[in-house]
Amino acid sequence: MTLMLHKGAEPIDLPALREVATPEATRSHVPIPHHRVVDLVRHTLAYFGHEVVSEEYGITPDGMRFFGVMMLRSAYGGYEDAVALRNSHDKSFPVGIGFGGHVFCCDNLSLVADHVIKRKHTANAKHELPGLIMEV
């Protein structure tokens with residue numbers, strides 16, 4: 001599990017992430033609050049028996065780009081998996097979630113994992129995201 005912040009993003013904890021403002025939606029761009037991505041992933045992981053044992057998050061100074069990684073423990077065996085997350089409010093990249101034995105997320109926009117989903121911030125993205133997370 002690797003979160004690399006070297007292009008201006010700073011570490012942030014989950015309570016502070018919940019305070020980051022989300023821009024208003026337009027007809028073509030519906031920003032998803034950064035903490036909402038984390039909450040959806042955590043909820044889905046718990047549903048499938050995964051426990052988050054460690055997590056790291058980062059955000060750019062303007063709050064527009066979010067990056068994160070989570071290390072997981074499964075109730076189904078003695079193995080660990082990881083999740084990488086990223087989200088933007090400035091249309092620089094789509095929301096992305098990666099899952100696998102090893103993940104890499106960097107504030108240079110890299111997201112590497114065994115399985116990755118990405119979805120543009122359209123009006124449907126908020127509704128599609130829970131189902132997409134379950135698929136991964």
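Look up a bit, the structure's there.
For the structure given in this document, a descriptive report is provided here. (Residues numbered from 1 in each chain as written. Predicted model: local features only at pLDDT ≥ 70, side-chain atom pairs only at ≥ 80, totals over all residues. Heavy atoms only, no water.)

### Brief notes about the overall build of the chain
Where we set the bar: Where helices and strands are cited, they refer to DSSP runs of H or I of at least four residues and of E of at least two residues respectively, numbered from the N terminus. With a 1.4 Å probe rolled over the protein chains alone, any residue whose accessible area is under 20% of its type maximum counts as buried; one over 50% counts as exposed, and the rest are partly exposed. Whether two residues are in contact is decided by their heavy atoms, any of which lying within 4.5 Å being enough. Every accessible area reported is derived by Shrake-Rupley at a probe size of 1.4 Å, with residue values counting cover from the shown protein chains alone.
When its secondary structure is counted, the chain shows 3 helices and 9 strands. Tracing the chain from N to C terminus, the helices and strands come up as β-β-α-α-β-β-β-β-β-β-β-α. Sorting the 136 residues of the chain into buried and exposed places 44% on the buried side. Long-range pairs, those at least 24 residues apart, make up 53% of the contacts in the chain between residues at least 6 apart in sequence. Accessible surface computed for the chain: about 7100 Å², of which carbon and sulfur atoms make up 52%.

### Observations concerning unusual backbone geometry
With phi around 65 degrees, K91 is a residue other than glycine that occupies positive phi space. Inspection of the secondary structure assignment puts K91 in the loop between β5 (80-88) and β6 (95-100).

### Some points on helix α2 (residues 34-47)
The line we're drawing: By this rule the span expected of a helix is its residue count minus one, scaled by 1.5 Å. Our arc is simply the arc of the directions from the helix axis toward the C-beta atoms.
Compared with an ideal rise of 1.5 Å per residue, which puts 14 residues at 20 Å, α2 spans 20 Å between its outermost C-alpha atoms and is within 8% of the ideal. Among all positions in α2, only H34, V37, V38, L40, V41, T44 and L45 are buried. End-on view of α2: buried residues confined to an arc of 165 degrees, all on one side of the axis. Seen from the open side of α2, the exposed residues pointing more than 90 degrees away from its buried face are H43 and Y47. At the exit of α2 stands G49, carrying a positive phi of roughly 85 degrees.

### Section: the side chain of S88
What counts here: Polar contact criterion, stated in full: a pair of N or O atoms within 3.5 Å, where within protein one must be able to donate a hydrogen and the other to accept it, and residues adjacent in sequence count only if both atoms are side-chain atoms.
Along the polypeptide, S88 turns up in strand β5. With a relative accessible area of 0%, S88 lands in the buried category. Within polar-contact distance, the side chain of S88 engages the backbone oxygen of F93 at 2.6 Å.

### Here we look at the nonpolar core
Basically, it comes down to this: Note on terminology: a nonpolar core comprises buried Ala, Val, Leu, Ile, Met, Phe, Trp, Tyr and Cys residues joined through side-chain atoms within 4.5 Å.
Counting residues in each nonpolar core, the largest one holds 22 residues, and the members touching the most others are M70, V83 and L85. Listed by contribution, the elements that provide at least two residues to this core are α1 (14-17), α2, β3 (50-59), β4 (65-74), β5, β6 and α3 (125-135). Broken down by element, this core gets its largest block of residues, 5 residues, from α2. Sequence-distant contacts of L85, that is, excluding residues within four places in its chain, are made with V37, V38, V41, Y57, F66, F67, G68, M70, G96, I97, C105 and L111.

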